[in-house]
Structures are given as structure tokens and as C-alpha cells.
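The residues making up each chain are set out below.
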Amino acid sequence: MALSWSAKEHKNTNQPAAATGLKRPRNDVGNKVAVVLGAQWGDEGKGKVVDLLATQADFVCRCQGGNNAGHTVVVDGKEYDFHLLPSGIINPKSISLIGNGVVIHLPGLFEEGDKNEKKGLKGWEKRLIVSDRAHLVFDFHQVIDGLQETERQAQEGKNIGTTKKGIGPAYSSKASRTGLRVCDLLGDIKDFSSKFKNLVRQYQSMYPSLTVDVEDQLKKLKEYGERLRPMVRDGVYYMYEALHGSPKKILVEGANAALLDIDFGTYPFVTSSNCTVGGACTGLGIPPLNIGDVFGVAKAYTTRVGIGAFPTEQLNAVGELLQTRGHEVGVTTGRKRRCGWLDLVIVRYAHMINGFTAIALTKLDILDVLEEIKVGIAYKLHGKRIPHFPANMDVLQKVEVEYETFPGWKTDTSAARKWGDLPVKAQNYIRFIENHIGVPIKWVGVGKSRECMIQMF
Ligand code: GDP
Ligand code: IMO
Ligand code: MG
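What you are looking at is a predicted structure, and each value in this text was computed from that prediction instead of being measured. (Residues numbered from 1 in each chain as written. Chains lettered and ligands numbered in written order. Predicted model: local features only at pLDDT ≥ 70, side-chain atom pairs only at ≥ 80, totals over all residues. Heavy atoms only, no water.)

Caption draft 1: Main features of the layout of surface pockets. Computed from the structure, the largest pocket encloses a volume of approximately 650 Å³. Looking at the largest pocket, it is lined by 38 residues, and the ones nearest its centre are N68, T162, T163, V270 and T271. Mapped by element, the contributors of at least two residues to the lining of the largest pocket are helix 5 (139–156) and helix 6 (167–175). Broken down by element, the residue count for the lining of the largest pocket peaks at four residues, all from helix 6. By residue class, the composition of the lining of the largest pocket is 14 nonpolar, 17 polar and seven charged. Of the volumes computed, that of the second largest pocket is approximately 520 Å³. Considering the residues around the second largest pocket, the lining is formed by 26 residues, among which G45, T72, R337, K363 and K448 are closest to the centre. Residues of the lining of the second largest pocket, tallied by class, amount to five nonpolar, nine polar and twelve charged. (1 Å grid on protein atoms, 1.4 Å probe; cavity = no way out; pocket = protein on both sides within 12 Å on 5 of 7 lines; lining within 4 Å. Points joined across faces, edges and corners; volume = space filled by probe spheres on them. Helix = DSSP H or I, 4+ residues; strand = E, 2+ residues; numbered from the N terminus. Nonpolar A, V, L, I, M, F, W, Y, C, P; charged D, E, K, R; others polar.)

Given below as C-alpha cells:
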């Protein structure tokens, strides 16, 4: 399969970056990076798209989020789920990088690696590079996540429905400048221990019920730190070398999704990082000029895990059918995903922010049995179309969705491998989506495994 991004505009002298240092001609942009991002509320099939591209990538990088993400990859009948590890870790020829923007729960990282090793994943520790600037998620951050959810439920009558992986509290520590990073853990352990104790005390003053066995935690962290040490690099310089060395194919695997973005998502029912394209720059130290293709991943319908407005949600037989046929159960928490019709208002909104160069439309096969299929094309407030996506959740709860209705194709598409194999009605559905978003659809997913992807161009 032809690669869809290239190390274009590489005007280098072929000397490795280390040899040429930081002095480069002004026009030497370096290698371009392709970014894969969720265009809805997560679980669009990013893992599968990344896996497809990763077969030819030199680097696959995570730039934000933590083990709140759950990315499924199915290869040769074996199903892997990745949370902190980039999905490219499956490819023995590519390097996986966890960037500074990611928050890392070390027990979770090693548990994930060991679990996948039992499934046959070999040598992952040798192929993984971790930025020394990445922040750490501690066990107590996860406990606090749970306590905050209980508090929200008691005070406001509703929580966020977080994954309880400690993501919000860890990014809060980072923003309040009391967080601890990989470089701290691998530096002076006395200094680390004292900062760790201060952080625990800070949280205990806010949450008196929090108990932490500090010495036990420090002992374990030290052990994890030693296991991690061989993988740790200065992430910025590592990336710089990757961008400016010989031509390389670099892929960024977004976690979570546009509508869960801390700035652009359905706040406060969002995660705590930037899951849109800017997160690739800040989470890896990549200059904007090095961003090449930006691939948006969208399901042929919509799902959401957790609480928050969902205008096209179907709390009826259609929603149940999508949930059961689509096996819509969270990879990280095992929660049932809420389901509804494809909402093109949110995908267009995601495109406004990310500037997608192409779209991967996944799970078309799930719609195969439907008599008719609806697509949300606009929101109305007080009977009038609104051109923007509302910031205020009370407003979003009140919008009326305008739908376009399509006849179902009622044909099994799971064996389709090229455009011509799809029924005309499915082709019409896809073309409508493409025209409405204004972005070419490059891939259409018709099944879980790597080969179940139709490449359009
Ligand atoms: P991610 O978080 O965006 O990587 O997505 P998840 O892995 O959480 O959820 C996507 C689910 O849909 C996984 O179980 C995938 O194996 C599955 N999947 C991905 N693409 C397709 C597709 O085209 N058809 C079907 N039937 N399943 C798919
Ligand atoms: P992937 O990468 C779906 C949701 C949670 C919750 C909210 C905040 O697999 O697409 P958090 O634990 O991040 O503080 O939870 O965000 N959420 C996701 N939903 N897929 C994800 O990741 C998600 N990551 C976070 O369900 O509503
Ligand atoms: Mg997922």
C-alpha cells in the first residue's frame, strides 16, 4: 500500500543532525510529520489507522493524554489494546516515542507492556523512547480522581465519568507547577522524595481522607525508574534529530479526541489535555512547519463514553443496535458507550480546529443492517440554524438537530476491499459525508482487522 505521507521538503545534506548541530539553512524545514486525531468523542478507531500507517513508519509518537486512552489493534487475528504505548509498538521496525505532553503512570506502563508481551509482543522495551520532560501520574492521583468524581456527584448531582486513571489530577499538578517529571525521578532521588512528600501533603490538606504509604511508593517508584532509565532521552533533542536527520516517516498518534479537548471540547465534560493538532507540537516539541498530513478519524456514527451533551444520541432501538453490533464497550473502563447518528456538525468543528487533510471513516460495516440511516447536518436554536458549535453546554443540550436521511444498503460490506466493492447506497453515504465536511475521505473501515480498510486514493 502506498504511503500517504512522505518525508517531503527534506532539503538536508544527508548528514545526521548530531554532526551538523543546530546551525541549518533557514529553508531546511526537515521531515514532515503525519498526525492521526480523533474527530469525535474518542474511540473512533485511531489505533487501527495508526497501525495501518505504522507498518511503514520510522517513529510513532504519543503527544498527550495518558492511559485514559484505549486503542485497539487487530493483527493476524490477535487483538491488542494500548493505553500508554503507541500503537506502532507492534511494528518491530519502528521506534515508539512517548512525548513530554503525555502523563505517565509507570505501574500502568509496565503492566501494559508485560500484558502485551504475553500476547506475543516482543522487544517493546528496546523500541520505546520516553521523554524526560513527561509528567508522572502517581497512584494517589488516581485515588484523587475517584474522590473528585464522588465530590462532583455529591455537590453538583453529576460527575464527569472520568476513567479514574488520574489524568485530571496529574495535569493539575503539572499546571500548578508541583508535578514531578521523569527527569526528576531519574535525578537526585533525595530531592525527588522530598518533592513527592510535599505533593502528597498538598493533596492531603485538600482531601484529608487520602492515605499514602509514602515510603512504599518511593521504593516502588525508584524501581520503576531504574527499569525506565534505558528508555529515557531528552525528548526535544531526540525529536529534533528525527526531524532533521535522514528522511524519516514520523507519525503522531493522538489520544482522546477533539470534543474531549480541554480547550475546544464539551467543557467541563472533557479530558485534561489538548487532543487537537496543537497538542502534537506542544507534546513533542515539533515546530508547526513540520506538521504535514493531519488525518481525522471519524466513525460512521457517533459514540461517547461518560457524561455530557450528545445531540445525536439515540436512546432507542437504533442506539442499542449500534451499541451491540459495534461492540461499543470502553477499552479502558469496560463501560457501555452511548451511541447515536453521525453528527457532521462536530466533525466539521473538529476540522475547523485541526485542518484535516484527509479523513478515515471507520465502522461503516456496523450500519449494514439498517433500513435507513440519518446524519446530523446542522444545529438549530429557536428554529434557526446556528453556524458555530456552542461553547455553553446548556445551549448544546437545547439544540435541535437537523438530519439528512439515507436509505440503508442492507448488504454485508465486511468483505469489501475497494471502492467498487461497496454498494452504491453506501458510496452515496460516504460521498455525502465527504462533501459536507469538505475533506477527502481517504480510508473506509469495514471491519476490525488491518486488512478491513478500503483505501480510496
Ligand atoms: P481508538 O480509541 O480511537 O483507537 O478506538 P478504540 O480501539 O477504542 O475503539 C474502536 C473499536 O472499533 C475497536 O474495537 C476496533 O477494533 C474497532 N474498529 C475499528 N475500525 C473498525 C471498522 O472499520 N469496523 C469494525 N467493525 N470495527 C472497527
Ligand atoms: P481514546 O484515545 C473515549 C473521556 C472519559 C470521560 C472524559 C474525562 O481511546 O479515544 P479522563 O479520564 O480523561 O479525565 O476522562 O473523557 N475519555 C475518553 N472517551 N475515548 C478516550 O480515549 C477517552 N479518554 C477520555 O470517558 O468522559
Ligand atoms: Mg479508545
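Caption draft 2: Representation of empty space enclosed by the protein within the structure. Tallying each qualifying case throughout the model produces two cavities of 30 Å³ or more. As for the largest cavity, its lining consists of I104, H105, L106, P107, L136, V137, F138, D139, Q217, K220, L221 and Y224. Elements with a minimum of two residues in the lining of the largest cavity: helix 3 (106–118) and helix 9 (214–228). Residues of the lining of the largest cavity, tallied by class, amount to eight nonpolar, two polar and two charged.

Caption draft 3: Examining the coordination of the magnesium ion (ligand 3) more closely. Bound to the magnesium ion (ligand 3) on the protein side are D43 (OD) and G70 (O), at distances that span 2.0 to 2.1 Å. Placement of the pair is D43 in the loop between strand 1 (33–38) and helix 2 (46–54) and G70 in the loop between strand 2 (59–62) and strand 3 (71–75), with a sequence separation of 27 residues. Under the relative-accessibility criterion, G70 is labelled buried at 11%. (Donors = N, O, S within 2.8 Å, 3.2 Å for Na, K, Ca; no water. Buried < 20%, exposed > 50% of the residue type's maximum accessible area, 1.4 Å probe, protein only.)

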